[in-house]
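Spelled out, the chains give:
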Amino acid sequence: MRYSRMLLPTLKEVPSDADVISQKLMMRAGMIRKVAAGIYNLLPLGLRVVNKVEQIVRTEMNRAGAQEVLMPMVVPAELWQESHRWDEYGKELLRIRDRHNRDFCLGPTHEEVITDMVRREVRSYRELPLNLYQIQTKFRDEIRPRFGLMRGREFMMKDAYSFHATDESAEAEYRNMFDTYTRIFERCSLQFRAVEADTGSIGGRFSHEFHVLADSGEDAIASCDACDYAANLERAELKDPGFAPAGPKAVEKVSTPGKKSVEEVSAFLGVPQSSLIKTLIYETDRGAVAVCVRGDFEINEVKLKRELKAQFVRLADDDAVRKATGAPVGFAGPVRIKAPVYADFSVKGIPSGVTGANEADTHLMNVSPSRDFNATYLDLRNAVAGDECPRCSGRLVIKRGIEVGHIFKLGTKYSEAMGATFLDPEGRERPLIMGCYGIGIGRTAAASIEQNHDEFGIIWPSPLSPFDCEVVPVNVKDEGTVKVAEEIYSKLTARGVDALLDDRDERAGVKFKDADLIGIPVRVTIGERNLKQGMVEIKERRSGEVRLVKVEEAVEELEKAIKK
RNA sequence: CGGGGCGUAGCGCAGCCUGGUAGCGCACCUGCUUUGGGAGCAGGGUGUCGGAGGUUCGAAUCCUCUCGCCCCGACCA
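First, a word on what this report is: a plain description of the structure on this page. (Residues numbered from 1 in each chain as written. Chains lettered and ligands numbered in written order. Predicted model: local features only at pLDDT ≥ 70, side-chain atom pairs only at ≥ 80, totals over all residues. Heavy atoms only, no water.)

**As for the overall build of chain A**
A tally of helices and strands in chain A yields 17 helices and 31 strands. Out of the 564 residues in chain A, the part that is buried amounts to 53%. Intrachain contacts of chain A at a sequence separation of at least 6 include 69% that bridge at least 24 residues. With the model as given, the accessible surface of chain A reaches about 25600 Å², and the carbon-plus-sulfur share is 48%. Averaging the positions of the 82 positive and the 88 negative side-chain charges in chain A gives two centres separated by 1 Å. (Helix = DSSP H or I, 4+ residues; strand = E, 2+ residues; numbered from the N terminus. Buried < 20%, exposed > 50% of the residue type's maximum accessible area, 1.4 Å probe, protein only. Contact = heavy atoms within 4.5 Å. Areas by Shrake-Rupley, 256 points an atom, 1.4 Å probe, with all protein chains shown as cover. Lys, Arg positive; Asp, Glu negative; His and termini not counted. Charge placed at Lys NZ, Arg CZ, Asp CG, Glu CD.)

Right, dumping it as structure tokens:
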């Protein structure tokens, strides 16, 4: 490709609405342009990268035995009504009407469509298992799209769905996909971690997320420094440390006028925050409950909801708190409270704590969980760095991650709702057992930039690079330079190397800056100065390493550098 | 949904408070010089000041409505 003919509008200045590195660099490198909130044009350079990711995903999926299909982006409401998600999914589902006033939606995911496809075609266990995938544009009307391709409303996704006659088969495919995803992200040269995840509203019993580690990630991940345990912070399990022995002193009421927050009470009474028993009132579909946690920890509402088997949990408002505790907000405690008490394991470790007295402006001191109140103890808090690993004796570290892949075991949620059944060997009709497996294509490309850049621009790992090599003639007005550059370029092209020839009539500095910005891993510079010695210069983007090679050996040397 | 902010040339922004010829830098076009890390000089403005309505002799500027975008939070997964 000749630069002079390519739509590759690089920017010196950063557009004001970009706020993560990958978005800034994708804009500056002329890869993407915004069309509307969370909706982007992919320019030629951007599409090349997305195509690279796509191709890696496609070949690995095919190798894993999955088959590619393509489903419509516009989906009739009936299918979503059958699964009940038309009502459950919320505003992220963009609903549209056709000219006959019939309801449709833009597919944010395709469980319904694929289940419909398979129930029409599959009758017998002999046709199973089946893994079908597509690489397609999705639309989710996100509340707050941001970070460029990382959280767009319209985005490219690979979504795969598998169908099985038995649990064992479904689990084997889950492992197959786990391994496939590992290969895919390894091939993309990403630093990533597979983590245990919450299954969310899609349902199912277990799932893993694949996270690219990056400070700009939207998710917090807890991982063990000793074993390979890793989990989304929402889910990271914590051990039960057992009760600390009760302190010697008896419970004592103290006046704490106006001191409501953990900080205030801790400062007022001169006790560490870790000695406080923080008590929050939650409303659930099964009534108000009191939830306790050590003062310096946070309650994890995902865990709470799961442990209580509740449909919803939400922090109670002032009135509800008053009703549950008999006191204004800020003075709730587990001792003699009307609501059922659920306490995090961390509370057990407090020998002699401070907590609200369920009375205005009053707290209790010397409260011992083992002695002074009854509670149901559960794992209810967010893990913090330094917590003990639930699987070994290692310590947890908290990192940030970008979720690029997610695998679920779905079970029969959709097949039952939609009547997708098969006949087993005994001739019984049974619902198909399903799995689903997604990869964010654009997000993977963006995540790669988050991990591979420097102050000058992008540094593509070669598997994702839009070109294998960039050929830079320093001065296109010099005939000798142009002749050698053209020769190298056409030889590379003939050998199947995807090269970009910067044949623009620009100053050297401009070309170098652009080359660094768009980040092709290998660059060859042809200039009059070195040409006099019969040499050209090869530069590696990542290391910055520069070396001179003979013109005749340039193509061979470049191929070596590219393969490395 | 709550709070805050922004909308002026392709991009980044000033001008608005205190109404009176629409500006700066970059980009772009022309010419000359320059030519290995975002060149210099000279010339050129490419604009529905987001849109609509209002106040006024006169509105980018003041008022009302509206659309779009961004940030923080909540929500959702």
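**Some details on the sheet that holds strand β19 (residues 362–367)**
One open sheet holds the three strands; their spatial order is β13-β19-β18, and the pairing between them is antiparallel. Looking at strand neighbours, the two that pair on one side only are β13 (252–255) and β18 (353–356), the edges of this open sheet. Averaged over all neighbouring strand pairs, the angle between strand axes comes to 30 degrees, with direction disregarded. In terms of strand pairing, β18 meets β19 through three bridges, oriented antiparallel. Pairing of Gly-353 across the sheet is with Val-367, part of β19. (Pairing = 2+ DSSP bridges. Axes fitted to C-alpha atoms, helices over the stretch in contact; angles between N-to-C directions.)

**Comments concerning the protein's contact with RNA strand B**
By nearness alone, 34 residues border RNA strand B, and Asp-19, Ile-143, Arg-144, Asp-516 and Glu-537 come closest of all. The separation between a base nitrogen of RNA strand B and a polar side-chain atom of Asp-514 is 3.1 Å. Contact between RNA strand B and Asn-530: a base oxygen at 3.1 Å from a side-chain N or O atom of the residue. Where the surface near RNA strand B is concerned, the elements lending two or more residues are α15 (508–518), β29 (522–526), α16 (528–531) and β30 (535–540). (Near = heavy atom within 4 Å. Polar contact = N/O pair within 3.5 Å; in protein donor to acceptor, adjacent residues only side chain to side chain.)

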